[in-house]
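As a plain string of letters, each chain reads:
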Amino acid sequence: MSVIAAKCPGIKVHVVDLNADRIAAWNDDDLDNLPIYEPGLSDIVKEARGRNLFFSTNVDEAIDESDMIFISVNTPTKTYGVGKGMAADLKYIELCARQIARVATNDKIIVEKSTLPVRTAEALQDILSSTGSDVNFQVLSNPEFLAEGTAVQDLLNPDRVLIGGERTPEGAAAIQALHDVYAHWVPSDRILTTNVWSSELSKLTANAFLAQRVSSINSLSALCEATEADVDEVARAIGQDSRIGPKFLKSSVGFGGSCFQKDILNLVYLSKTYGLDEVAEYWHQVIKMNDYQKRRFAEKIIQSLYNTVNGKKIVLLGWAFKKDTNDTRESAAIYVADYLLSEQAQVVVYDPKVTSQQIYADLDYLNTRSEEENQRLVNVAQTTEDIFKDAHAVAVMTEWDEFREYDWKQIHEQMLKPSFVFDGRGILDIQQLEEIGMNAFAIGKG
Ligand code: UDX
């Protein structure tokens with residue numbers, strides 16, 4: 001919304017949320033206090049805020065004043081009832097729709113921005129049109145393809161913008177209205193229009209294909225380790241094939257983030273619902289491979305440390321699910337840490353952007369052990385000072401640039417010997433670490 005406001009000074013953008021603290025943070029004079037860390041975002045907010053970009057908790061007023069409403073609430077995986085652990089929980093979407101239906105007094109275009117299972121637009125349309133008033137709603141699907149850490153760049157220069165709408169004259173007019181918003185800065189040939197269902201399904205499909213590439217290369221990383229091949233060399237060799245392409249072939253400790261797992265589970269659930277068990281199983285394997293990769297990494301650490309990490313100090317560098325974000329949702333680090341903690345390791349976590357509160361909350365959420373025990377077994381460091389002292393092992397969980405630049409010779413000196421490094425992101429020079437005298441392991445390097 002901030003990018004839309006920055007690029008379209010003639011459009012008034014109201015961002016509303018029930019959470020007063022969040023809205024206050026978006027209005028904070030100190031732009032370093034914005035709730036989301038994303039390179040370039042504060043400049044965009046600075047440009048538009050107070051001019052045509054407003055943050056408030058007055059939801060009803062914003063609904064009433066608007067011509068177009070983007071619904072961007074979260075759709076987490078259900079934690080209860082039918083479809084538990086797989087289906088998307090649509091309660092926030094439904095609450096939004098009901099509120100809009102209650103408040104609206106003039107015709108509006110409703111844009112689904114949240115990622116939703118296929119045919120949710122239909123449910124939205126149903127709720128919106130059931131008020132009996134003569135207000136008309138047109139529902140569009142406009143999935144977001146930005147990736148975190150590069151969000152502003154991805155929004156300013158998207159590969160494509162996708163708009164799904166009804167194939168009726170009213171639907172076409174709504175599509176055109178949203179098209180005109182993006183056309184302020186996106187070339188028309190990159191704005192694709194489809195029917196609503198194709199648009200909804202494309203978002204799940206895009207994420208499933210991307211995650212599948214990571215799981216595919218990760219599956220081969222295990223084979224590389226067994227055969228003394230090098231996964232980066234394999235990735236480079238296949239990536240040169242223009243039909244395959246070089247992106248999303250970086251082997252890692254496992255993909256994380258708010259989208260991949262949730263969207264694939266959604267796709268799996270959807271396929272099952274339609275009785276397509278083979279389709280469901282095919283995509284489910286992408287998740288299983290990712291779980292295997294996280295577990296495999298933790299087991300590698302334990303096995304290397306002579307099959308016990310009980311009481312041993314292990315430093316985890318990075319907690320975010322990727323670099324340049326403070327988002328930790330589904331981060332591989334959480335699961336690796338949990339595994340090590342179950343083996344009674346003493347874990348020290350350092351991440352340049354994630355708060356200690358978040359780290360404990362992520363572990364507590366798993367419910368593997370009590371909150372007190374997580375407090376006792378885990379230390380969160382604000383800086384790297386002294387964290388390597390007497391550590392048995394260091395594991396890189398996030399590919400933050402600063403980890404490459406550390407003085408690894410000095411780190412080695414502070415650690416217990418023999419010292420171990422486990423690179424879950426393939427960012428360190430393993431040969432150099434070995435020369436220093438460390439036992440170094442990287443995923444997919446035989
Ligand atoms: C993803 C999609 O890329 C984006 O289009 C969609 O809108 C939301 O979901 P995001 O979750 O922000 O974006 O991050 P992404 O860059 O896709 O990375 C996801 C995970 O895969 C990260 O944990 C990342 O470290 C991992 N990954 C990615 C790899 O392990 N190897 C790769 O080669 C690429």
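Residues numbered from 1 in each chain as written. Predicted model: local features only at pLDDT ≥ 70, side-chain atom pairs only at ≥ 80, totals over all residues. Heavy atoms only, no water.

- By the naming in an unreviewed UniProt entry, the protein goes by UDP-glucose 6-dehydrogenase and is assigned to Nonlabens ponticola.
- Under the UniProt heading Catalytic activity (unreviewed entry), the entry covering the protein gives this text: "UDP-alpha-D-glucose + 2 NAD(+) + H2O = UDP-alpha-D-glucuronate + 2 NADH + 3 H(+)". (UniProt positions renumbered as here; feature names shortened; annotations may be inferred.)

1. Structural notes on the layout of surface pockets
Moving on, step 1. Taken as a whole, the second largest pocket holds about 160 Å³ of empty space.
Moving on, step 2. Along the walls of the second largest pocket sit Ala121, Glu122, Gln125, Val139, Gly165, Glu166, Arg167, Asn195, Val196 and Trp197, which together make up its complete lining.
Moving on, step 3. Listed by contribution, the elements that provide at least two residues to the lining of the second largest pocket are helix H6 (120-129) and helix H9 (196-227).
Moving on, step 4. Sort the elements by how many residues they give to the lining of the second largest pocket and H6 lands first, with 3 residues.
Moving on, step 5. Counted by class, the lining of the second largest pocket contains 4 nonpolar, 3 polar and 3 charged residues. (1 Å grid on protein atoms, 1.4 Å probe; cavity = no way out; pocket = protein on both sides within 12 Å on 5 of 7 lines; lining within 4 Å. Points joined across faces, edges and corners; volume = space filled by probe spheres on them. Helix = DSSP H or I, 4+ residues; strand = E, 2+ residues; numbered from the N terminus. Nonpolar A, V, L, I, M, F, W, Y, C, P; charged D, E, K, R; others polar.)

2. Looking at helix H8 (residues 169-182)
Moving on, step 1. Between its first and last C-alpha, H8 extends 20 Å over 14 residues, near the 20 Å set by a 1.5 Å rise per residue.
Moving on, step 2. Along H8, the positions that sit buried rather than exposed are Gly171, Ala174, Ile175, Leu178, His179, Val181 and Tyr182. Down the axis, H8 shows its buried residues gathered within 155° of arc, on one side only.
Moving on, step 3. Here the buried face of H8 lies against helix H1 (2-7), strand S3 (68-71), strand S4 (108-112), strand S5 (137-141), strand S6 (161-164) and strand S7 (191-194). (Expected span 1.5 Å × (residues − 1). Buried < 20%, exposed > 50% of the residue type's maximum accessible area, 1.4 Å probe, protein only. Arc of directions from axis to C-beta. Contact = heavy atoms within 4.5 Å.)

3. Quick look at the site of the ligand
Moving on, step 1. In the vicinity of the ligand there are 20 residues, among which Phe145, Glu148, Ser252, Lys322 and Arg425 approach most closely.
Moving on, step 2. Between a nitrogen atom of the ligand and a main-chain N or O atom of lysine 250, the distance comes to 2.7 Å.
Moving on, step 3. Burial of the ligand by the protein amounts to 91% of the accessible area it has alone, namely 660 Å².
Moving on, step 4. With 4 residues, H9 is the largest single contributor of residues to the shell around the ligand.
Moving on, step 5. The residue inventory of the shell around the ligand, partitioned by class, reads 11 nonpolar, 3 polar and 6 charged.
Moving on, step 6. Each of domain 1 (1-203) and domain 2 (308-442) accounts for three or more of the residues forming the shell around the ligand. (Near = heavy atom within 4 Å. Polar contact = N/O pair within 3.5 Å; in protein donor to acceptor, adjacent residues only side chain to side chain. Areas by Shrake-Rupley, 256 points an atom, 1.4 Å probe, with all protein chains shown as cover. Domains from an automatic or database assignment.)

4. Regarding the domain arrangement of the protein
Moving on, step 1. Per the domain assignment, the segments making up the protein are domain 1 (1-203) and domain 2 (308-442).
Moving on, step 2. Domain 1 puts 8 residues into the contact, and the matching count from domain 2 is 10 residues.
Moving on, step 3. When domain 1 packs against domain 2, close to 630 Å² is buried across both sides, 45% of that on carbon and sulfur atoms.
Moving on, step 4. Considering only the surface of domain 1 that becomes buried against domain 2, Tyr37, Glu148 and Gly149 emerge as the three largest contributors, covering 79% of it. (Buried area = accessible area lost by both parts, 1.4 Å probe.)

5. Remarks on the UniProt feature "active site" (unreviewed entry) in the protein
Moving on, step 1. According to UniProt, the "active site" (unreviewed entry) feature falls on Cys259.
Moving on, step 2. Turning to its location among the elements, cysteine 259 is positioned in the loop between helix H10 (231-239) and helix H11 (260-273).

6. Some words on the pattern of salt bridges
Moving on, step 1. By the definition in use, this model includes 19 salt bridges.
Moving on, step 2. The shortest N-O distance in the salt bridge between glutamate 94 and arginine 98 comes to 2.7 Å. One end of the pair, glutamate 94, and the other, arginine 98, are both in helix H5 (residues 91-103), 4 residues apart, so they sit about a helical turn from each other.
Moving on, step 3. Classification of arginine 98 as partly exposed rests on a relative accessible area of 47%. (Salt bridge = Lys/Arg side-chain N within 4 Å of Asp/Glu carboxyl O.)

7. What about the nonpolar core?
Moving on, step 1. Core analysis: the largest hydrophobic core is formed by 59 residues, its most contacted members being Phe297, Leu317, Trp319 and Trp408.
Moving on, step 2. In terms of residues, this core owes the most to one element, helix H13 (residues 332-342), which gives 7 residues.
Moving on, step 3. Beyond its immediate sequence surroundings of up to four residues, tryptophan 408 is in contact with Leu317, Val394, Phe403, Val421, Leu428, Leu433, Ile436 and Met438.
Moving on, step 4. Val111, Val152, Ala174 and Val186 belong to the second-largest nonpolar core, a separate cluster that totals 31 residues. (Core = buried A, V, L, I, M, F, W, Y, C linked by side-chain atoms within 4.5 Å.)

8. With respect to the side chain of serine 199
Moving on, step 1. Within the fold, serine 199 resides in helix H9.
Moving on, step 2. When its relative accessible area of 0% is taken as the criterion, serine 199 is described as buried.

9. Focus on helix H3 (residues 41-48)
Moving on, step 1. Within H3, the full set of buried residues consists of Leu41, Ile44, Val45 and Ala48. In a view along the axis of H3, the buried residues occupy a sector of 95°, so they form one face of it. H3 presents Asp43 and Lys46 as exposed residues on the side facing more than 90 degrees away from its buried surface.
Moving on, step 2. The elements touched by buried residues of H3 are H1, helix H2 (20-26), strand S2 (53-56) and helix H7 (151-156).

10. Focus on unusual backbone geometry
Moving on, step 1. Look at the link from lysine 417 to proline 418: it is a cis peptide, with omega at -5°.
Moving on, step 2. Backbone geometry at arginine 119 places phi at a positive 80°, although glycine is not the residue there.
Moving on, step 3. Tracing the sequence through the fold places arginine 119 in the loop between S4 and H6.
Moving on, step 4. With phi around 60°, aspartate 390 is a residue other than glycine that occupies positive phi space.
Moving on, step 5. As for its position among the elements, aspartate 390 is in the loop between strand S10 (378-381) and strand S11 (393-396).

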